[in-house]
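Here's the letter readout for the chains.
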Amino acid sequence: MRIYDTLSRKIVDFVPRKEGAISIYACGPTVYDHPHLGHARQAMTYDIARRFFEWAGYDVLHVANITDIDDNIINRATREGLTEPEVAEKWEAIYMDAMAALDILAPHQQPHATEYVQEMIDFIQVLVDNGAAYVTDAGVYLRVRSIEDYGALIHRTHDELAEGAGARVEVDPNKEDPLDFALWKAAKPGEPTWPSPWGDGRPGWHIECAAMSLGILGDGFDLHGGGTDLVFPHHTNERAEAIAAGRTFSRYWMHNAMLNIDGEKMSKSLNNFATIQDVLDEHPLNARALRLMLLQTHYRKILEINAEVIAHARSGIERLDAMIRKAEAAKVDYASAELDSDAVAEFRTQMEDDFGTPEAMAIAFELVRRANGAIDSGDDSAASLVATAIDLTGALGLRIGETQPTSDDDVRIDELVAARTEAKANKDFAEADRIRDELAGQGITIEDTPTGPIWRR
RNA sequence: GCGUCGGUGCCCGAGCGGCCCAAGGGAACGGCCUGCAAAGCCGUAAAGUCGCGGGUUCAAAUCCCGCCCGGCGCUCCA
């Protein structure tokens, strides 16, 4: 396995800390608003990595935090007259629903920041004790310049970073140096607080992930991920905290790229902001279409997204599903078929090269084309090809060939389809087309196959 | 401004020194199939400037230099 490591800026061999087991920490959401497509890309990137590793036989431990206390949550609670936990619980539930709808596996552990405050305090205490951090009236800060390669993740020196620091935000006068950042924020009126050796207050943002990742996964865990926008300051600061505490932090860093809508960055101010729910509501196929799109673009490339592109991806999903319908109509016994070892090997090779999901999907679509041909010609290889296509797309979290949901309507539709078949047999094509149009008006599509008609919603 | 990543067909996007007269998906067109469709299969399209201009090399979409354009980071952010 080879992965592009943000720290070394190279594609490097990925060697897990423990053979056969992989530990992943991916930064999760701050729950205070609707999750948007960017969250979907982030979560799906690590969902795909985790699924592939599991498919490849690794024992994976995937951890993603839930930030349930921060400025945004406090602001929203104040604005809406709610408590911070009420805001966090509400938006966490919405986030979880969106993830489930996108068929993203829940990380094995999803710790909440507020449940980890004591561990964070213990962590900060180590930093205060060893002189890496200092206490002021406003809180506890980390002495950034005490860390030699602080800017390593973004490949910048202290001085280069200092040029930017304070250029746009006012420098906190309590800090010894503009680069320093808060580990612990002293209590302000009206804010939720926790007791600490440095007075009541709440933890800074970065300490949360440092404490939880090391606490759950242990020193030198394998992979730390997130969006590229987190490289600085978030990941840089987490890493600084770990180093200052004498801990070995994650051994590989991966970062997924952002996405653009209609050629521009997605943002609230540009009003081109798409929530996950908006996209899911638009079409029942969109959850899988979104995954297909993400798979067909490498995770480190900016992804262009708009309504048209999602619609195109839906066509791709339909092509995948159509193969399964054909296979079932032709009674191809793919459930117990052996996989095509060449395709599996090629798939694995591509995925092991920094998650080559676009190439992996190309392999899957090749299988689909060959399978369709084999089904049409009654070739024995059909079962294996179909089975392989299902297995490989499944390894990426893309379900195809799911039986469509049944409803009370099914019997009535079956009868209409049968009536059409009879009309066709009697050469009464006017009646056959009338039935087909009637069903089409209800969103039902009939497909004729050599082995009889099948229908779908 | 500084840093960084990128600009490939009608669209989305792989490829990153020879296997590329450029994967895969979508759209289009033609053929087969069909009662007609849909789905499927087969095939086609000057991708002739792989952003533009230089250069290196026997060989460049792939490396180097300059320029133009865009994303992201420098500020809460996936």
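Residues numbered from 1 in each chain as written. Chains lettered and ligands numbered in written order. Predicted model: local features only at pLDDT ≥ 70, side-chain atom pairs only at ≥ 80, totals over all residues. Heavy atoms only, no water.

Things to note about the nonpolar core
Here is step 1: Counting residues in each nonpolar core, the largest one holds 85 residues, and the members touching the most others are I3, F53, L102, F347 and F355.
Here is step 2: For this core, the element with the highest residue contribution is helix α12 (residues 357-377), accounting for 10 residues.
Here is step 3: Two domains each put at least three residues into this core: domain 1 (2-259) and domain 2 (306-395).
Here is step 4: In this structure, F347 is in contact with F52, W55, A360, I363, L392, A395 and L396, ignoring residues within four places of it in sequence.
Here is step 5: In terms of nonpolar packing, the next biggest core, distinct from the first, is built from 46 residues, M120, I121, I147 and A211 among them. (Core = buried A, V, L, I, M, F, W, Y, C linked by side-chain atoms within 4.5 Å. Buried < 20%, exposed > 50% of the residue type's maximum accessible area, 1.4 Å probe, protein only. Helix = DSSP H or I, 4+ residues; strand = E, 2+ residues; numbered from the N terminus. Domains from an automatic or database assignment. Contact = heavy atoms within 4.5 Å.)

So, the pattern of salt bridges
Here is step 1: In the structure shown here, the tally under the stated rule is 32 salt bridges.
Here is step 2: Here R239 ties to D149 by a salt bridge, and the two come within 2.6 Å at their closest N and O atoms. A residue pair is termed long-range when its members are at least 10 positions apart, and R239 in helix α7 (residues 231-244) and D149 in the loop between β6 (139-142) and α5 (158-164) qualify at 90 residues.
Here is step 3: Given a relative accessible area of 34%, D149 falls into the partly exposed group.
Here is step 4: Residue D448 is joined to R420 by a salt bridge in which the shortest nitrogen-to-oxygen separation is 2.9 Å. In this pair, D448 sits in strand β14 (residues 445-449) while R420 sits in helix α14 (residues 410-425), placing the two residues 28 residues apart along the sequence. (Salt bridge = Lys/Arg side-chain N within 4 Å of Asp/Glu carboxyl O.)

A short note on the state of the cysteines
Here is step 1: Applying the stated criterion across every chain, the model contains zero disulfides.
Here is step 2: The structure places no disulfide on C27, whose sulfur is separated from the nearest cysteine sulfur, that of C209, by 3.8 Å.
Here is step 3: Looking at C27, the relative accessible area reads 4%, which means it is buried. (Disulfide = S-S within 2.5 Å.)

A few points about the domain arrangement of chain A
Here is step 1: Split into domains, chain A comes out as domain 1 (2-259), domain 2 (306-395) and domain 3 (410-456).
Here is step 2: Look at where the C-alpha atoms of domain 1 and domain 2 centre, and you get two points 38 Å apart.
Here is step 3: Broken down residue by residue, the surface that domain 1 buries against domain 2 is led by R2, F52 and W55, which jointly contribute 57%.
Here is step 4: Here domain 1 is connected to domain 2 by zero salt bridges.
Here is step 5: The interface formed by domain 1 and domain 2 includes five residue pairs in polar contact (both at pLDDT 80 or more).
Here is step 6: Looking at the side of domain 1 that touches domain 2, the elements with two or more residues in it are β1 (2-5) and α1 (37-55).
Here is step 7: If you tally residues by element for the side of domain 1 that touches domain 2, the top one is α1, at six residues.
Here is step 8: When the residues that make up the side of domain 1 that touches domain 2 are grouped by side-chain class, the tally is 10 nonpolar, no polar and two charged. (Buried area = accessible area lost by both parts, 1.4 Å probe. Polar contact = N/O pair within 3.5 Å; in protein donor to acceptor, adjacent residues only side chain to side chain. Nonpolar A, V, L, I, M, F, W, Y, C, P; charged D, E, K, R; others polar.)

Points about the sheet that holds β6
Here is step 1: Reading across from one edge, β5-β6-β7-β8 is the order of the four strands in this open sheet, with antiparallel pairing throughout. Lying at the two open borders of the sheet, with one neighbouring strand each, are β5 (133-136) and β8 (201-203). Averaged over all pairs of adjacent strands, the angle between strand axes in this sheet comes to 20 degrees, irrespective of strand direction.
Here is step 2: Bridge count for strand β7 (residues 181-186) against β8 is three bridges, and the pairing is antiparallel. If you follow W184 over to β8, its bridge partner there is P203. (Pairing = 2+ DSSP bridges. Axes fitted to C-alpha atoms, helices over the stretch in contact; angles between N-to-C directions.)

Thoughts on the packing of aromatic side chains
Here is step 1: Taken as a whole and judged by the stated rule, the model has 13 aromatic pairs.
Here is step 2: Pairing F52 with W55 gives two aromatic rings, centres 5.8 Å apart and planes at 25 degrees, and the pair type is stacked. On the criterion of helical spacing, the pair formed by F52 and W55 is a turn pair, its members being three residues apart in helix α1.
Here is step 3: The ring of Y299 has R300 sitting right over it, with the charged end atom 5.9 Å from the ring centre. (Phe/Tyr/Trp six-rings, centres within 6.5 Å; stacked < 30°, edge-to-face > 60°. Lys NZ or Arg CZ within 6 Å of the ring centre and 35° of its normal.)

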